[in-house]
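What follows is the residue order along each chain.
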Amino acid sequence: MTPAPSAYHQRVAEEKRALIVRAATELFLESGYDRASLARIAESAGVSKATLFKQFPTKAALFDAIVIDSWARNDVADVPPSGDLTAGLTVLGRHYATLLGRPEMTDLFRIVIAELPRFPELARAHFSQGKLPYFESVRTYLVAEHEAGAADVDDPEMAATQFLGMISNYLFWPRLVLPGWTVTPDRTTAVVDEAVRTTVARYGRSTS
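Residues numbered from 1 in each chain as written. Predicted model: local features only at pLDDT ≥ 70, side-chain atom pairs only at ≥ 80, totals over all residues. Heavy atoms only, no water.

Undergrad: Account for the overall build of the protein, with residues named and values stated.
TA: Counting secondary structure elements, the protein contains 10 helices and 0 strands. Listing the helices and strands of the protein from first to last along the sequence gives α-α-α-α-α-α-α-α-α-α. Counting only C-alpha atoms, the protein reaches 65 × 50 × 30 Å along its principal axes. Out of the 208 residues in the protein, the part that is buried amounts to 40%. The long-range fraction of contacts in the protein, counting pairs at least 24 apart against all pairs at least 6 apart in sequence, stands at 70%. A total accessible area of about 11,400 Å² is found for the protein, and carbon and sulfur atoms account for 57% of it. Within the protein, the 25 negative side-chain charges are centred at a point lying 6 Å from the centre of the 22 positive side-chain charges. (Helix = DSSP H or I, 4+ residues; strand = E, 2+ residues; numbered from the N terminus. Buried < 20%, exposed > 50% of the residue type's maximum accessible area, 1.4 Å probe, protein only. Contact = heavy atoms within 4.5 Å. Areas by Shrake-Rupley, 256 points an atom, 1.4 Å probe, with all protein chains shown as cover. Lys, Arg positive; Asp, Glu negative; His and termini not counted. Charge placed at Lys NZ, Arg CZ, Asp CG, Glu CD.)

This is the structure:
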């Protein structure tokens, strides 16, 4: 039986993985997905080709890792139990704003948009492994609030799209096309709070 890796070796492997993913992201942005070879990525990350191929045997597997890492904070453990729509949406909205504010997220979208004409599979991977699971977590939450009687949501897909869109349309999309676009923490909080109030006004149901 092969012994389990020690905590030290696991930490080293995780550190090398992070270096590889960061180097791949930078080279995909700089040179394009097609022209950034795995050998060049290994050199840029400061690891051997054997180390890279052990973790990522293909470029597609490496892109999948970029997607997964960019959406790595998908789970929201502190969403309150169903019954308080305002509290739940506030947690989800602030979490989403934090997620969109990460540089990795902007880099990921730029890669997907730039390579979409030649590599549509990148967009599919991004959607199926990143955006869709996150969207589904919000949709599921709205279904739970509907069933708990705290919301009247006949179309949870539409409601989730509206809620997330109000946040991303202000905090994220301008950053892709407007150099230097920044939003202050106070403004970010205000954007999320307004999205929550609008959604509660539309879908909330009084439980008193």
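Undergrad: Tell me what's going on with the pattern of salt bridges, and back it up with residues and numbers.
TA: Where charged atoms from two side chains of opposite charge approach closely, those side chains can pair. Within the structure shown, the criterion is met by 11 salt bridges. A salt bridge links Arg-22 to Asp-107; the shortest N-O distance between them is 2.8 Å. Here Arg-22 is found in helix H1 (residues 7-31), whereas its partner Asp-107 is found in helix H6 (residues 103-115), with 85 residues between them in sequence. The salt bridge involving Arg-205 is made with Asp-152; its shortest N-O contact spans 3.6 Å. (Salt bridge = Lys/Arg side-chain N within 4 Å of Asp/Glu carboxyl O.)

Undergrad: With reference to specific residues and values, describe helix H7 (residues 120-148).
TA: A rise of 1.5 Å per residue sets the reference length of H7, with its 29 residues, at 42 Å; its end C-alpha atoms lie 40 Å apart and thus fit the reference within 8%. If you check which residues of H7 are buried, you get Leu-122, Ala-125, His-126, Gly-130, Tyr-134, Phe-135, Val-138, Arg-139, Tyr-141, Leu-142 and Glu-145. Those residues of H7 hidden inside the fold are in contact with helix H4 (59-70), helix H5 (85-100), H6 and helix H8 (156-171). Immediately beyond the C-terminal end of H7, within one or two residues, lies Gly-149, with a positive phi of roughly 85°. (Expected span 1.5 Å × (residues − 1).)

Undergrad: Break down the packing of aromatic side chains for me, citing the residues and quoting the values.
TA: Scanning all chains against the criterion turns up 9 aromatic pairs. Summarising the aromatic geometry, the rings of Phe-172 and Trp-173 are spaced 5.1 Å apart at their centres and angled 75° between planes, so their arrangement reads as edge-to-face. Judged by relative accessible area, which is 1%, Phe-172 ranks as buried. Here the aromatic residues Phe-28, Tyr-33, Phe-63 and Phe-119 are joined through ring pairs into a cluster of three or more. The ring of Tyr-33 carries Lys-59 above its face, with NZ or CZ at 5.1 Å from the centroid. (Phe/Tyr/Trp six-rings, centres within 6.5 Å; stacked < 30°, edge-to-face > 60°. Lys NZ or Arg CZ within 6 Å of the ring centre and 35° of its normal.)

Undergrad: Help me get a handle on the side chain of Ser-70, residues and values and all.
TA: Relative to the elements of secondary structure, Ser-70 occurs in helix H4. Within polar-contact distance, the side chain of Ser-70 engages the backbone oxygen of Ile-66 at 2.8 Å. Leave out the neighbours within four places in its chain, and Ser-70 touches Leu-99, Arg-102, Glu-104, Met-105 and Leu-108. (Polar contact = N/O pair within 3.5 Å; in protein donor to acceptor, adjacent residues only side chain to side chain.)

Undergrad: Outline the packing of H8 against helix H10 (residues 185-203), listing residues and values.
TA: Interhelical geometry of H8 versus H10 gives an angle of 160° and a closest axis separation of 10 Å. The angle between H8 and H10 falls in the class roughly antiparallel. Handedness of the crossing formed by H8 with H10: right-handed. Along its contact with H8, which presents Met-158, Ala-159, Gln-162, Phe-163, Met-166, Ile-167, Tyr-170 and Leu-171, the element H10 presents Arg-187, Thr-188, Val-191, Val-192, Ala-195, Val-196, Thr-198, Thr-199 and Tyr-203. The class makeup of the residues in the contact of H8 with H10 is 12 nonpolar, 4 polar and 1 charged. (Axes fitted to C-alpha atoms, helices over the stretch in contact; angles between N-to-C directions. Parallel < 35°, antiparallel > 145°, perpendicular 65-115°, else oblique. Left-handed = near helix turned anticlockwise from the far one by under 90°. Nonpolar A, V, L, I, M, F, W, Y, C, P; charged D, E, K, R; others polar.)

Undergrad: Could you give an account of the packing of H1 against H6, with specific residues and numbers?
TA: Closest axis-to-axis distance for the H1/H6 pair is 10 Å, and the angle between their directions is 45°. Overall, the two elements H1 and H6 adopt an arrangement that is oblique. Crossing of H1 against H6: the hand is left-handed. Residue-level inspection shows Arg-22, Thr-25, Phe-28 and Leu-29 of H1 in contact with H6, the latter providing Glu-104, Asp-107, Arg-110 and Ile-111. For the contact of H1 with H6, the class distribution of residues is 3 nonpolar, 1 polar and 4 charged.

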